[in-house]
Amino acid sequence: MARILVVDDEIGIRELLSEILYDEGHTVALAENAAQARDYRLRQRPDLVLLDIWMPDIDGVSLLKEWSSQGLLNMPVIMMSGHATVDTAVEATRIGAVDFLEKPITLQKLLKTVAAGLAHPVIPASMRSRTERPVMPDPVFTQQPTLHSSAAPSPVAPAPAPDDSHLGAISLNQPLREARDEFERIYFEYHLLHENHSMTRVSERTGLERTHLYRKLKQLGIDTSRKKSSGG
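Residues numbered from 1 in each chain as written. Predicted model: local features only at pLDDT ≥ 70, side-chain atom pairs only at ≥ 80, totals over all residues. Heavy atoms only, no water.

A.B. asks: Report on the packing of aromatic side chains, specifying residues and quantitative values.
C.D. replies: The relation between two aromatic rings is expressed through the spacing of the ring centres and the mutual angle of the planes. Throughout the structure, instances matching the rule amount to two aromatic pairs. Judged by centre distance (5.2 Å) and plane angle (80 degrees), the rings of Tyr187 and Phe188 are edge-to-face. The class of Tyr187 is partly exposed, set by a relative accessible area of 28%. (Phe/Tyr/Trp six-rings, centres within 6.5 Å; stacked < 30°, edge-to-face > 60°. Buried < 20%, exposed > 50% of the residue type's maximum accessible area, 1.4 Å probe, protein only.)

A.B. asks: Would you mind going over the packing of helix α3 (residues 60–69) against helix α4 (residues 86–95) in detail, with residue names and values included?
C.D. replies: As a packed pair, α3 and α4 sit with axes 10 Å apart at the nearest point and diverge in direction by 15 degrees. Between α3 and α4, the interaxial angle falls into the category roughly parallel. Taken as a pair, α3 and α4 cross one another with a handedness that is left-handed. Across from Val61, Leu64, Lys65 and Ser68 in α3, the residues of α4 making contact are Thr88, Glu91, Ala92 and Ile95. Taken together, the residues of the contact of α3 with α4 break down into four nonpolar, two polar and two charged. (Axes fitted to C-alpha atoms, helices over the stretch in contact; angles between N-to-C directions. Helix = DSSP H or I, 4+ residues; strand = E, 2+ residues; numbered from the N terminus. Parallel < 35°, antiparallel > 145°, perpendicular 65-115°, else oblique. Left-handed = near helix turned anticlockwise from the far one by under 90°. Contact = heavy atoms within 4.5 Å. Nonpolar A, V, L, I, M, F, W, Y, C, P; charged D, E, K, R; others polar.)

A.B. asks: Describe helix α9 (residues 210–220), with residues and values.
C.D. replies: Buried residues of α9: Arg210, Leu213, Lys216, Leu217 and Leu220, and no others. Projected onto a plane normal to the axis of α9, the buried residues spread over an arc of 120 degrees and lie on a single side. Within α9, the exposed residues directed more than 90 degrees away from the buried face are Arg215, Lys218 and Gln219. One or two positions beyond α9, positive phi appears at Gly221, with a value near 75 degrees. (Arc of directions from axis to C-beta.)

A.B. asks: Kindly report on the confidence of the model for the protein, identifying the contributing residues and their values.
C.D. replies: Mean pLDDT over the protein works out to 80, with 77% of the residues at or above the 70 mark. Below pLDDT 50 for its whole length, residues 129–151 participates in 32 contacts with residues either more than four positions away or in separate chains. Contacts from residues 228–232, a stretch scored under 50 in pLDDT, to residues over four places away or in other chains number zero contacts. (pLDDT = per-residue confidence, 0-100.)

A.B. asks: Any chance you could break down the sheet that holds strand β5 (residues 99–102) for me, citing the residues and the numbers?
C.D. replies: Strand order in this open sheet of five strands is β2-β1-β3-β4-β5, and the pairing throughout is parallel. The sheet terminates laterally at β2 (27–31) and β5, the two strands that pair on one side only. Averaged over all neighbouring strand pairs, the angle between strand axes comes to 20 degrees, with direction disregarded. By the bridge criterion, four bridges tie strand β1 (residues 3–7) to strand β3 (residues 48–52) in an arrangement that is parallel. When the bridges of β3 are listed, Val7 appears paired with Leu51. (Pairing = 2+ DSSP bridges.)

A.B. asks: Break down the pattern of salt bridges for me, citing the residues and quoting the values.
C.D. replies: Per the stated rule, a full pass over the model turns up nine salt bridges. Linking Glu24 and Arg201 is a salt bridge whose minimum nitrogen-to-oxygen distance equals 3.1 Å. Highlighted residues: Glu24 in the loop between α1 (11–23) and β2 and Arg201 in helix α8 (residues 199–206), separated in sequence by 177 residues. With its nearest N and O atoms 2.8 Å apart, the salt bridge here joins Lys65 to Glu91. One end of the pair, Lys65, is in helix α3; the other, Glu91, is in helix α4, with 26 residues separating them in the sequence. According to the relative accessible area criterion, Lys65 is partly exposed, its value standing at 40%. (Salt bridge = Lys/Arg side-chain N within 4 Å of Asp/Glu carboxyl O.)

A.B. asks: Give me the lowdown on the pairing of strand β4 (residues 77–81), citing residues and values where you can.
C.D. replies: With five of five residues buried, β4 lies mostly within the body of the structure. Burial along β4 is two-sided: the face carrying Val77, Met79 and Ser81 and the face carrying Ile78 and Met80 are both buried. Pairing of β3 with β4 involves four bridges; the strand directions are parallel. Paired with Leu51 across the two strands is Met79, which belongs to β4. In the classification by handedness, the crossover that spans β3, the intervening α3 and the parallel β4 is right-handed. The pairing of β4 with β5 spans four bridges and is parallel. Paired with Met80 across the two strands is Leu101, which belongs to β5. Once you follow β4 into α4 and on to β5, the crossover reads as right-handed. (Right-handed = clockwise from strand over helix to strand, strands pointing away.)

Next up, the structure:
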C-alpha cells in the first residue's frame, strides 16, 4: 500500500485521517505544521500528501509553491480546507495540487479521493512547459480530479472470493443466548474476512460505531488483527 503524509494543525483531523488510512493498509506519517512537513519531505518522498491550506506558520499553498520551486513536488498532493476560496483552489491546482477535500471530510470522500490521487500522474514543474498543457478543472471543490489520459482503463479481473467455508451453520439445539453469540461470531467473522480486516469498512457494513464494534468483537473473542496473505 501507499506511504501517506497528513499535514494538518488540528490534532483531531490528523488522528481521524491516520486511523482511517491505517485501516486501509497504508503507512501514515503526521505533521502538525509546514515546518514538520518540509523536514519529512527532505528525508523521504511520500506516495501522497494530504495538505491543509490554513495553518498557523506557513499555509499549505505556500508550502506547495516551495516544493514546486525546489523540484520536490513529484508526488500527488491533495489540499484540504473548510473555507478556501475559489481563487485559492485555482491557484493550488495551477501549482500542482491534484484535488481538494472540503472539510468536514466524510469517509467515502476520503477513500475515493485518496485512491484517485494515488492513481494520478504527477508532472514535475520543470517538465510542464514541455508537455501539453493540462485541462484545468472547474474552479469548484470536486472530489474527482481531471485525468488526462485518453487510454481506456484496463479491465481488472475480479478478486477471488474469500474462503468462508469454515463459518459453518448454527445449531438450533442450544439455548438462545449461545445461538445468538454463535450467529454474531459468524456474522462478524464473515465481514472481517470479506473486508480484509479493515475495521473502517466493517464498521460501515455492520452499522456499528467503531468503539462499539471493537467492544463487541472482544466480547466474542474474535481476533481483529489484519491477516497477511501467504503469498506476500
